[in-house]
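Secondary and tertiary structure notes
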Amino acid sequence: MVASRLHGIPPTIFTEMSALALATGAVNLGQGFPDVDGPEAVIKRAVEALETGANQYAPGPGVPALREAVARHQRRHYGLDLDPMTQVAVTTGATEGIAAAMLGLVDPGDEVIVLEPYYDSYVAMIQMAGGVRRAVTLRPSASGGFRLDPDELRAAVTSRTRLILLNSPHNPTGTVLTREELTAVAAVAIEHDLVVVTDEVYEHLTYGEGSDAPRHVPMATLPGMFERTLTLSSLGKSYSFTGWKVGWASGPTALVGALLAAKQWLTFTSGAPLQPAAAYALDALDTWPTELAAELRTRRDALCAGLAELGLGVTVPDGTYFTVTDIAGLGWEDGTTFCRALPERAGVVAIPLQGFYDSDAGRHLVRWTFCKRPAVIAEALDRLARSDLRA
């Protein structure tokens, strides 16, 4: 029997679609994991740690070397000064960071604002914490991309609102919220005395050139926001080690402490030999994510161009691993039906977005990942081109 707190939470779509990819031999452009590992030097550091005794419990808040490296990273990139002993905590990926943040900060009945489409673990953890989600829709704009309407955000706030759960660069749309959009979020948070939990795992994976290129702006850097912002990130996306599940939280002592109060009863600690290697990556290979972003931009352009040639309405993303297409013109009832048929029909897997919405706005939207090798992307596009994609 399943506990009532889990009622209505479906199994994650990523499990279903990845299983379909394995069962059918399809090219998996659904789940966002690279098919090439991150830097070999970082792997060697993990092996060294395994061989030199880092095989027992790490401290609950994380290995000091990693907490210190995260603090240096935040200072170097964003000018944020953190006490690594009280204002940084290591988590089992950003997913556990989300879980611990919701359990540590949300009381039953508290309302949490999320941007839709939302990552599916957000709403699952809000419900498990007893919270109530209030979704604000990112809407396609005439200039391209999905944008936040500040008026809709303000309208979502009630007397029960406790927290805004933010994600930028945004999965699944690839939107990088502008400084103006984030300033509007900050104004709402300050006016209503709200906490902001911000998922920034794609912080280094933004695309563009010149002064007008999209840039990630951490919410904690805006005036009046450090003291009310809990920032989450991880090694997985920036360094192509998604399977390591090494993440971290940073922010004011009270918010990090609330997260740790819950986290100690989840994994307590994890990845002892991986944490020193993560610290090495942040300190010694600081420019590696920038090089990765340049490669991913080329792959993004190839995938988006190929999907557009197939007649799909493509949104070219400013960041992350993903692009979104509108399949309404293909005659399918919805994106889920399309994606379930696609492996058998075309030998390719993608992710439907309608399960990431409370509204009907994502009914015909489908997410594709470009974090794969160029040859894999080319093979997927070739399979799609040789297939009848209409219902």
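Residues numbered from 1 in each chain as written. Predicted model: local features only at pLDDT ≥ 70, side-chain atom pairs only at ≥ 80, totals over all residues. Heavy atoms only, no water.

Under an unreviewed UniProt entry, the name given to the protein chain is Pyridoxal phosphate-dependent aminotransferase, and the source organism is Nocardioides eburneus. Here is the UniProt Cofactor (unreviewed entry) comment for the protein chain, exactly as written: "pyridoxal 5'-phosphate". (UniProt positions renumbered as here; feature names shortened; annotations may be inferred.)

Another aspect to go through is the pattern of salt bridges. The final tally for this structure, using the stated rule, is 19 salt bridges. Ionic pairing is found between arginine 299 and glutamate 295, a salt bridge with its closest N-O pair at 3.3 Å. Residue arginine 299 and its partner glutamate 295 are located together in helix H11 (residues 288–309), separated by four residues, close to a single helical turn. You can call glutamate 295 partly exposed: its relative accessible area is 43%. Each of Glu333, Asp360 and Arg363 takes part in salt bridges that share partners, so that together they form one network. (Salt bridge = Lys/Arg side-chain N within 4 Å of Asp/Glu carboxyl O. Helix = DSSP H or I, 4+ residues; strand = E, 2+ residues; numbered from the N terminus. Buried < 20%, exposed > 50% of the residue type's maximum accessible area, 1.4 Å probe, protein only.)

Let's shift gears to the nonpolar core. By size, the foremost hydrophobic cluster in this structure holds 97 residues, and its most contacted members are Met102, Leu165, Val197, Leu230 and Trp368. With residues up to four places along the chain from it excluded, the contact list for valine 197 reads Ala101, Met102, Leu105, Leu163, Ile164, Leu165, Leu166, Leu230 and Leu232. Judged by nonpolar contacts, the second largest core, of 22 residues, contains Ala46, Trp248, Ala281 and Leu285. (Core = buried A, V, L, I, M, F, W, Y, C linked by side-chain atoms within 4.5 Å. Contact = heavy atoms within 4.5 Å.)

The next subject is the packing of helix H1 (residues 13–24) against helix H12 (residues 335–346). For the pair H1 and H12, interaxial distance at closest approach is 9 Å and the crossing angle is 15°. Judged by the angle between their axes, H1 and H12 are roughly parallel. The handedness of the crossing between H1 and H12 comes out as right-handed. Where H1 abuts H12, its residues Glu16, Met17, Leu20 and Thr24 lie against Cys339, Arg340, Pro343 and Glu344. (Axes fitted to C-alpha atoms, helices over the stretch in contact; angles between N-to-C directions. Parallel < 35°, antiparallel > 145°, perpendicular 65-115°, else oblique. Left-handed = near helix turned anticlockwise from the far one by under 90°.)

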